[in-house]
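Overview (structure and organization)
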Number of protein chains: 2
Amino acid sequence: MLDYLSLDKAQLRQKQRLLQKSYDDFKAKGLKLDMSRGKPGADQTDLSGGMFDILNKDSDFRCKSGVDCRNYGLLEGIPEMREMFAQMLGVSAENVFVGGNSSLNMMFDAISCMMSQGIGGCEPWNRQGAIKFLCPVPGYDRHFGITEFFGIEMINVPMTDLGPDMNIVEELAASDDKIKGIWCVPKYSNPQGITYSDETVRRFAALKPAAKDFRIMWDNAYAVHDLNDTPDHLLNLMDECRKNGSEDLPILFCSTSKITFPGSGVAAMAASESNMAVFKRKYQYQTIGYDKLNQLKHVRYFGDYQGLLDHMQLHRAILEPKFQTVLSILDEELLGRGVAAWTKPNGGYFVSVNVLSGCASKVVALCKEAGVALTNAGATYPYGKDPNDSNIRLAPTYPPVCELETAMQLFCICVKLAAVEKLLEKM
Amino acid sequence: MLDYLSLDKAQLRQKQRLLQKSYDDFKAKGLKLDMSRGKPGADQTDLSGGMFDILNKDSDFRCKSGVDCRNYGLLEGIPEMREMFAQMLGVSAENVFVGGNSSLNMMFDAISCMMSQGIGGCEPWNRQGAIKFLCPVPGYDRHFGITEFFGIEMINVPMTDLGPDMNIVEELAASDDKIKGIWCVPKYSNPQGITYSDETVRRFAALKPAAKDFRIMWDNAYAVHDLNDTPDHLLNLMDECRKNGSEDLPILFCSTSKITFPGSGVAAMAASESNMAVFKRKYQYQTIGYDKLNQLKHVRYFGDYQGLLDHMQLHRAILEPKFQTVLSILDEELLGRGVAAWTKPNGGYFVSVNVLSGCASKVVALCKEAGVALTNAGATYPYGKDPNDSNIRLAPTYPPVCELETAMQLFCICVKLAAVEKLLEKM
């Protein structure tokens, strides 16, 4: 075990030469591998192939409430789909609104609605001057994109192993009524795979924001996406809120994008009655209703919520070896070297790696040059700016294991090479 | 042929007694019929039953560009679907953006985008103070709903047999830079079934609005929805705009909601490159992409655009007799009575009836009391307010012919009864 930080200049130079040689060898292979996005592999979408046989022209197209799913009607979704999502989100079916194919779209639309219509009986956000949002970092680039699109200023809040640093969240939310919300991926967070601790969830439920229209955007994207025999458990936020009389704080989101088909799944949101009244009023103008045939296909395919959970075991069987590959190569190549630290998630879609300060963009550039696409350095921070240039998100799901091995070998070489160069610079 | 307007008081009283008796007989039947919404019947959704057999687990899920439609990718839609919609909208495929299941949703989102981001390089609409929209009346209630939702003031523009009164449109648009657009259903308009004349389309293309960010919302919902052997032809607006250098004026919309499945079809929009740049930037934040499996199913089911047109003939075979039923009963019962005028559309989903001023709500209420649901009186006007209380939208598509006959008999009785009462009031 060799800690690079303890090497002298000559030793570092020697390391650099060897690493450069290994890097050049990889580059000569002309690789073309992609670890950039949290995208299921074709073997995963194959798992839902049976969904294509669920409906045919002679099917009974009526959902539980008797409505023909081929026609207009049921703005909030079919009852059985609302019930299934209610179980996933830990709320009652009446609080669930089933949307189209994308929970991201529902989040965008929810923010858009609060901008133009307001929430909690307050003025629309777009009439309240400059407003702000808390962004636990590193986090999900597309969340930050939405807030940036609407001109909402973003404030970084550091993540801990237990979730966002709640001392900072509580202090900021309480001190500034221009702060209108926070983005959360509470289970198997993107990118770290951290699940918020019970205490973190309780402190969210007990939050006392200065703004009456502060909202917690609770994106439970990986609610059922366990990867091993020791899955995390997320405390039910809505239950905790009920104890505190703070049911209006959270807005919950989830989807089947990483359960059935990315882009052809079903998304949902849930919120308190008074929050949902605002969003439902908006939806009444926005659409006549979402795709109920796709909803019907989904519930009939799974049968019930247990069926959906069973289906997730099939995903796990594919993904667990991929995550093990990534983690074992990281262990083998980087453990104890002092140049990187990473998370070991029990679920979700990512591994988060922190390399030496000032090295992340260099690592990503080196990988790219050698034919391995990673998520852009900085992408996990608001405005694409990682103040330490240190965080890299690895997405192990899409490439097959053999490609992952190659990509990870290269990645580790790049991490070490960038570290050695940075250490030499400082000497 | 008896013109009610020429009757004296005693004659009207007698008419009233007879009509009341007929009405009471209908009421005693305990009907439960619905002519309220432009909803295809189950026989029409049956026509697309073959779509359920297009894809199965062994299908090739790659679209033309090689992308696996089960996974993420292709924000603008699959190439073959963009091409099919390009033909429907009369534009190039590069100008088409394929969305989710609802063109209404795309219109809502387009207005929302222009509110918060602006268009044509201008300030966002929501930072320009009170803005206005032109609304040809009678028109589509859900268009008016969107503008009302965003707090945009609506100005009624009368429809003529050739489309909106273009003298008024031109004068208003040129005189007030707070007027930001107009809603149009240019072919088989909702509710009259009027198709804009070539001159109307040319005058739209030559429009010189005071506002640089004035946009024509061109909702071509019934582009291929002909009902008989003498279909209307709509001039290509985008072609005319090109001649005038006004390609940035229109934003075009359409969908397959009334071709395949309402709620499970595919929608699209098209616009000039510079307009689309604004909307595409928004979509990049709003979603990763829409349902490509549904797109793939649609294009493979139809084969090509001609296949889609052939499919429309099957709809026509179902709908033509329904419209004939409605029109022949109107002719039989109301022609020459002086109490109603109506349109005889060659396509679309509606028949528009104008009853005596001040009678529309009464007619709708009478029908409702006797078990026949019609679109609310006033719904075809902004804010639900028909200044003459005269227009009623009939939607003949959903009920079977036998039910339509009953509903129309009742409707005509109600029109006459309300007219007689109104005439008596004035005496």
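Since this is a predicted model, take the numbers as computed values, not measurements. Every chain begins its residue count from 1, and numbering advances along the sequence as written. The order in which chains are written sets their letters, starting at A; the order in which ligands are written sets their numbers, starting at 1. Totals for whole chains, interfaces and linings use every residue, but because this is a predicted model, local features are given only for residues with pLDDT of at least 70 and side-chain atom pairs only at 80 or more, for both listing and counting. Heavy atoms throughout the structure, all of them, feed into the side-chain values; hydrogens and water do not.

1. With respect to the sheet that holds strand β5 (residues 163-164) of chain B
Residue and element names in this part refer to chain B. Sheet architecture is open: 8 strands sit in the order β2-β9-β8-β7-β6-β3-β4-β5, paired in mixed fashion. Unpaired on one side and paired on the other, β2 (96-98) and β5 mark the two borders of the sheet. Two strands qualify as a pair provided DSSP detects at least 2 bridges between them. By definition, any uninterrupted DSSP run of H or I lasting at least four residues is a helix, any uninterrupted run of E lasting at least two residues is a strand, and each is numbered from the N terminus. Summarising the sheet, strand β3 (residues 132-137) and strand β4 (residues 153-160) pair through 6 bridges and their orientation is parallel. Pairing of F133 across the sheet is with M154, part of β4. Should any heavy atoms of two residues lie within 4.5 Å, those residues are considered in contact. Axis lines are fitted through C-alpha atoms, for helices just across the contact stretch, and the angle between N-to-C directions can take any value from 0 to 180 degrees. Across the sheet, helix α9 (residues 273-286) touches β2, β7 (215-219), β8 (250-255) and β9 (267-271), and the angle it forms with β9 is around 135 degrees.

2. Re the interface of chain B and chain A
At the junction of the two partners, chain B supplies 54 residues and chain A supplies 54 residues. When chain B packs against chain A, the two sides together hide about 4,400 Å² of surface, and 52% of this comes from carbon and sulfur. Of all residues in chain B, B:R70, B:Y72 and B:F149 bury the most surface against chain A, accounting for 17% of the area lost on that side. Basic side-chain nitrogens of Lys or Arg form a salt bridge, by our definition, when they fall within 4 Å of a carboxyl oxygen of Asp or Glu. If you look at where chain B meets chain A, you find 2 salt bridges. For A:R70, the salt bridge goes to B:D46, with nearest N and O atoms at 2.7 Å. Here the quantity called buried area is the accessible surface, traced with a 1.4 Å probe, that two parts lose on coming together, added over both.

3. Some remarks on the relation of the copies chain B and chain A
A residue counts toward the fit only if its pLDDT is at least 70 in both copies, and the copies are then superposed by least squares on the C-alpha atoms of those residues. Take chain B, turn it by 180 degrees, move it 0.0 Å along the axis, and it overlays chain A with an RMSD of 0.0 Å. The superposition of one copy onto the other is thereby described by a two-fold rotation axis. Same-surface contact between copies: 100% of interface residues of chain B are shared with the interface of chain A.

4. Quick notes on helix α11 (residues 305-334) of chain A
All names here are of chain A. A helix is expected to span 1.5 Å for every residue after the first. Spanning 30 residues, α11 covers 41 Å between terminal C-alpha atoms, matching the ideal 44 Å at 1.5 Å per step. At any given residue, the bend is defined as the angle formed between two axes, one fitted to the seven residues that end at that position and one fitted to the seven that begin there. In α11, a bend of some 30 degrees at R316 exceeds every other bend along the element. Here a polar contact is recorded for every N or O atom pair within 3.5 Å, except that within protein the pair must consist of a potential hydrogen donor and a potential acceptor, and residues adjacent in sequence are included only if both atoms are side-chain atoms. Measuring from the backbone nitrogen of Q306 back to the side-chain oxygen at the start of α11 gives 3.2 Å, which picks out D304 as the cap. G336, located one to two residues past α11, shows a positive phi value of around 80 degrees.

5. Considerations on the packing of helix α9 (residues 273-286) of chain A against helix α4 (residues 103-117) of chain B
Taken N-terminus to C-terminus, the directions of α9(A) and α4(B) make an angle of 115 degrees; their axes are 8 Å apart at the nearest point. Classified by the angle their axes make, α9(A) and α4(B) are roughly perpendicular. For the pair α9(A) and α4(B), the contacting residues are A:K282, A:Y285 and A:Q286 in the first and B:L104, B:N105, B:F108 and B:D109 in the second. Of the residues belonging to the contact of α9(A) with α4(B), the class tally is 3 nonpolar, 2 polar and 2 charged. Small angles under 35 degrees read as roughly parallel and large ones over 145 as roughly antiparallel, with 65 to 115 read as roughly perpendicular and the rest as oblique. Under the scheme applied, nonpolar residues are Ala, Val, Leu, Ile, Met, Phe, Trp, Tyr, Cys and Pro; charged residues are Asp, Glu, Lys and Arg; polar residues are all the others, including Gly.

6. Description of the packing of aromatic side chains
All names here are of chain A. Working definition: rings of Phe, Tyr and Trp (its six-membered ring) pair if their centres are within 6.5 Å, and the pair is stacked with planes under 30 degrees apart, edge-to-face with planes over 60 apart, and tilted otherwise. With the rule as written, the count across this model stands at 32 aromatic pairs over all chains. Summarising the aromatic geometry, the rings of Y222 and Y349 are spaced 5.8 Å apart at their centres and angled 20 degrees between planes, so their arrangement reads as stacked. Placement of the pair is Y222 in the loop between β7 (215-219) and α8 (237-244) and Y349 in the loop between β10 (340-342) and β11 (351-355), with a sequence separation of 127 residues. The classification of residues rests on relative accessible area computed with a 1.4 Å probe and restricted to protein chains. Under 20% of the type maximum is buried, over 50% is exposed, and intermediate values are partly exposed. When its relative accessible area of 4% is taken as the criterion, Y222 is described as buried.

7. Here we look at the state of the cysteines
Pairs of cysteine sulfur atoms within 2.5 Å are what we label disulfides. The full count for this structure, using the stated rule, is 0 disulfides over all chains. No disulfide involves A:C402; its sulfur sits 17 Å from the nearest other cysteine sulfur, which is in A:C412. Here B:C184 is not cross-linked by a disulfide; its sulfur's nearest cysteine counterpart is in B:C135, at 9.9 Å.

8. Brief notes about the environment of B:L314
Residue and element names in this part refer to chain B. Turning to its location among the elements, L314 is positioned in helix α11 (residues 305-334). According to the relative accessible area criterion, L314 is partly exposed, its value standing at 42%. Each C-alpha atom of the pair L314 and R127 lies 48 Å from the other, and the pair is 187 residues apart in sequence.

9. Description of the domain arrangement of chain A
All names here are of chain A. When its domains are assigned, chain A resolves into domain 1 (4-44 + 309-425) and domain 2 (61-303). Between the C-alpha centres of domain 1 and domain 2 there is a distance of 30 Å. If you look at the interface, domain 1 gives 28 residues, while domain 2 gives 34 residues. Each partner contributes to the roughly 2,700 Å² buried at the junction of domain 1 and domain 2, and carbon and sulfur atoms together form 59% of this total. The three residues of domain 1 that bury the most area against domain 2 are M312, N346 and Y383, which together make up 24% of that side's buried surface. Linking domain 1 to domain 2 there are 2 salt bridges. Residues D229 and R316 are paired through a salt bridge, measuring 3.0 Å at the closest nitrogen-oxygen approach. Summed over the shared surface of domain 1 and domain 2, the result is 15 residue pairs in polar contact (both at pLDDT 80 or more). Of all the secondary-structure elements, those providing two or more residues to the side of domain 1 that touches domain 2 are α11, β11 and β13 (391-394). Here the side of domain 1 that touches domain 2 takes 8 residues from α11, the largest share from any one element. As used throughout, domain bounds are those supplied by an automatic or database domain assignment.

10. As for the side chain of A:N190
All names here are of chain A. Mapped onto the secondary structure, N190 falls in the loop between β6 (179-184) and α7 (198-205). Within the local environment of N190, its side chain forms a polar contact with the side chain of R393, the two groups lying 3.2 Å apart. Not counting chain neighbours up to four residues away, the residues in contact with N190 comprise P138, G139, Y140, V185, Y222, F350 and R393.

11. Considering unusual backbone geometry
All names here are of chain A. Across the junction of V137 and P138, the peptide omega takes the value -5 degrees, indicating a cis bond. By the secondary structure assignment, P138 is in the loop between β3 (132-137) and α5 (141-149). Here the bond from N190 into P191 is cis, since omega is 15 degrees, no more than 30 degrees from zero. Its location among the elements puts P191 in the loop between β6 and α7. A positive phi angle is found at Y383, which is not glycine, with a value near 60 degrees. Structurally, Y383 can be placed in the loop between β12 (372-374) and β13. Take Y383: its relative accessible area is 39%, and that puts it in the partly exposed class.

12. Some details on the sheet that holds β13(A)
Residue and element names in this part refer to chain A. If you walk across this open sheet you meet the 3 strands as β10-β11-β13, and the pairing is antiparallel. Only two strands of the sheet have a single neighbouring strand rather than two, namely β10 and β13. Neighbour to neighbour, the strand axes of the sheet diverge by 25 degrees on average, direction disregarded. Here 3 bridges tie β10 to β11, and the two strands are oriented antiparallel to one another. Following the sheet pairing, A341 is matched in β11 by N354.

13. Remarks on the pattern of salt bridges
Residue and element names in this part refer to chain B. Counted according to the given criterion, the structure contains 50 salt bridges over all chains. The residue R70 makes a salt bridge to D68 at a minimum N-O spacing of 2.9 Å. With relative accessibility at 7%, the residue R70 sits in the buried group. Judged by relative accessible area, which is 21%, D68 ranks as partly exposed.

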